[in-house]
Amino acid sequence: SPNVKSLYMEPVNGELWTFSAGQHLPIVLRPLFDRELERSYSLSQSWVGDNQYRISVKLIGRASSFLHTKVKVGDRITVQKPAGDFVYVPPNSAEEDAPTLVLLSAGIGVTPMLSMLHEFVNSAPFKGKEAIWIYGARSHSDHVFKQEVIELKERSPKGSVSTHVFYSQNDDKQKEVEGYDSVHEGRVTVDEVLKLVPNVKKAVFYMCGPGAFLADLEDGLLRAGADSQSVRSETF
């Protein structure tokens, strides 16, 4: 989108550290403003064998501005090992009647969710596994990774992945969205989530976005009967 850029990094020597879907990559930018600047960005792609990390950065603040406007192909960036406890835990491969995976996000909170969707799609077997993708964007032009999510869905067995998007502001291009199971006007709310998730008691929720967004969803899901151990979130 106009304010989100993805950067691909590969190691100067050796191989990448492994990571779990949902983790973030600590990076060090130097010299910047006469001092080192440390930031962490969620890895937006799962471990699929490519010797690259991908982070997707929203243009907001000094570090992101530097990454958007100053970093060039061939530049070196210092990174530390991927970290974070907000990670996707795959269901037991022997469990056919697995809980429904619900990936909920808003804005740039989509990045760890996308990594988790990659992990779900790349994992086997699919029998009995289902994922529901719910994403909230300001408008069609702010809808990041739209095509990538569609491609992941198309790579999955029919019916195993459903995709839904919510636009909080009107945009003439929203009518052009294809490949998603449903397109909605307005924000992602608990009431809308309950319409898309048939049985919250048999679902595991991963959520990432602004604090207020997460607090409202978590409170509503618990009131609707979701297991507190099955509602996991990270503020972006």
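A few points on the structure. None of the values given here were measured: they were computed from a predicted structure. (Residues numbered from 1 in each chain as written. Predicted model: local features only at pLDDT ≥ 70, side-chain atom pairs only at ≥ 80, totals over all residues. Heavy atoms only, no water.)

1. Describing the environment of arginine 223
Mapped onto the elements of the fold, arginine 223 is located in helix α5 (residues 211-223). Overall, the relative accessible area of 71% leaves arginine 223 in the exposed class. Polar side-chain contacts of arginine 223 include one of 3.0 Å to the side chain of aspartate 219. (Helix = DSSP H or I, 4+ residues; strand = E, 2+ residues; numbered from the N terminus. Buried < 20%, exposed > 50% of the residue type's maximum accessible area, 1.4 Å probe, protein only. Polar contact = N/O pair within 3.5 Å; in protein donor to acceptor, adjacent residues only side chain to side chain.)

2. Notes on unusual backbone geometry
The phi angle at phenylalanine 145 is positive, at roughly 60°, despite the residue not being glycine. Structurally, phenylalanine 145 can be placed in the loop between β7 (131-137) and α3 (146-155).

3. A short note on the nonpolar core
Counting residues in each nonpolar core, the largest one holds 31 residues, and the members touching the most others are Leu101, Leu103, Met113, Met116, Leu117, Trp133 and Tyr206. Listed by contribution, the elements that provide at least two residues to this core are β6 (100-106), α2 (110-122), β7, α3, β8 (161-167) and β10 (203-209). For this core, the leading source of residues is α2, giving seven residues. When near neighbours in sequence (up to four residues on either side) are disregarded, tryptophan 133 contacts Leu103, Val110, Met113, Leu114, Leu117, Val149, Ser162, Thr163, His164 and Tyr180. Among the nonpolar cores identified, the runner-up in size contains 21 residues, and Val193, Val197, Ala203 and Phe205 belong to it. (Core = buried A, V, L, I, M, F, W, Y, C linked by side-chain atoms within 4.5 Å. Contact = heavy atoms within 4.5 Å.)

4. Considerations on the sheet that holds β6
With parallel pairing, the six strands of this open sheet are ordered in space as β9-β8-β7-β6-β10-β11. The open sheet has two free edges, formed respectively by β9 (182-185) and β11 (231-235), since each of these has just one partner strand. Pairwise comparison of adjacent strand axes, ignoring direction, gives a mean angle of 15° for this sheet. Sheet contacts for α2: β6, β7, β8 and β10; angle to β6, the most-contacted strand, approximately 155°. Here α5 sits on the sheet and contacts β6, β10 and β11; the angle it forms with β10, its principal contact strand, is near 160°. (Pairing = 2+ DSSP bridges. Axes fitted to C-alpha atoms, helices over the stretch in contact; angles between N-to-C directions.)

5. Digging into the pattern of salt bridges
This model, assessed by the stated rule, comprises six salt bridges. Across the salt bridge formed by arginine 54 and glutamate 148, the nearest N and O atoms sit 2.9 Å from each other. You can see arginine 54 sitting in strand β4 (residues 53-58) and its partner glutamate 148 sitting in helix α3, a full 94 residues away along the chain. Neither residue differs from the other here; arginine 54 and glutamate 148 are each classed as buried. A salt bridge links lysine 195 to glutamate 192; its shortest N-O distance comes to 3.6 Å. In this pair, lysine 195 and glutamate 192 both sit in helix α4 (residues 190-196), three residues apart, roughly one turn of the helix. In this structure lysine 195 comes out as exposed when scored by relative accessible area, which is 63%. (Salt bridge = Lys/Arg side-chain N within 4 Å of Asp/Glu carboxyl O.)

6. Focus on the side chain of aspartate 142
Assignment of secondary structure puts aspartate 142 in the loop between β7 and α3. Aspartate 142 gets classed as buried once you look at its relative accessible area, which sits at 18%. Side chain to side chain, aspartate 142 and serine 139 meet in a polar contact 2.8 Å long. Aside from chain neighbours lying at most four places away, what touches aspartate 142 is Ser1, Tyr135 and Ala137.

7. A word on the packing of α2 against α3
Contact geometry of α2 with α3 gives a least axis separation of 10 Å together with a crossing angle of 15°. Looking at the two axes, α2 sits roughly parallel to α3. As α2 packs across α3, the resulting crossing turns out to be left-handed. Between α2, through Leu114, Leu117, His118, Val121 and Asn122, and α3, the contact on the second element is made entirely by Glu148, Val149, Leu152 and Arg155. (Parallel < 35°, antiparallel > 145°, perpendicular 65-115°, else oblique. Left-handed = near helix turned anticlockwise from the far one by under 90°.)

8. Comments concerning the side chain of asparagine 3
Checked against the element boundaries, asparagine 3 lands in the segment before β1 (4-9). Polar side-chain contacts of asparagine 3 include one of 3.0 Å to the side chain of serine 1. Setting aside its immediate chain neighbours within four residues, asparagine 3 contacts Val57, Lys58, Leu59 and His68.

9. A short note on the environment of arginine 138
Relative to the helices and strands, arginine 138 is located in the loop between β7 and α3. A residue is classified by how much of its surface remains accessible, and arginine 138, at 45% relative accessible area, is partly exposed. As a C-alpha pair, arginine 138 and aspartate 171 span 33 residues in sequence and 9.1 Å in three-dimensional space.

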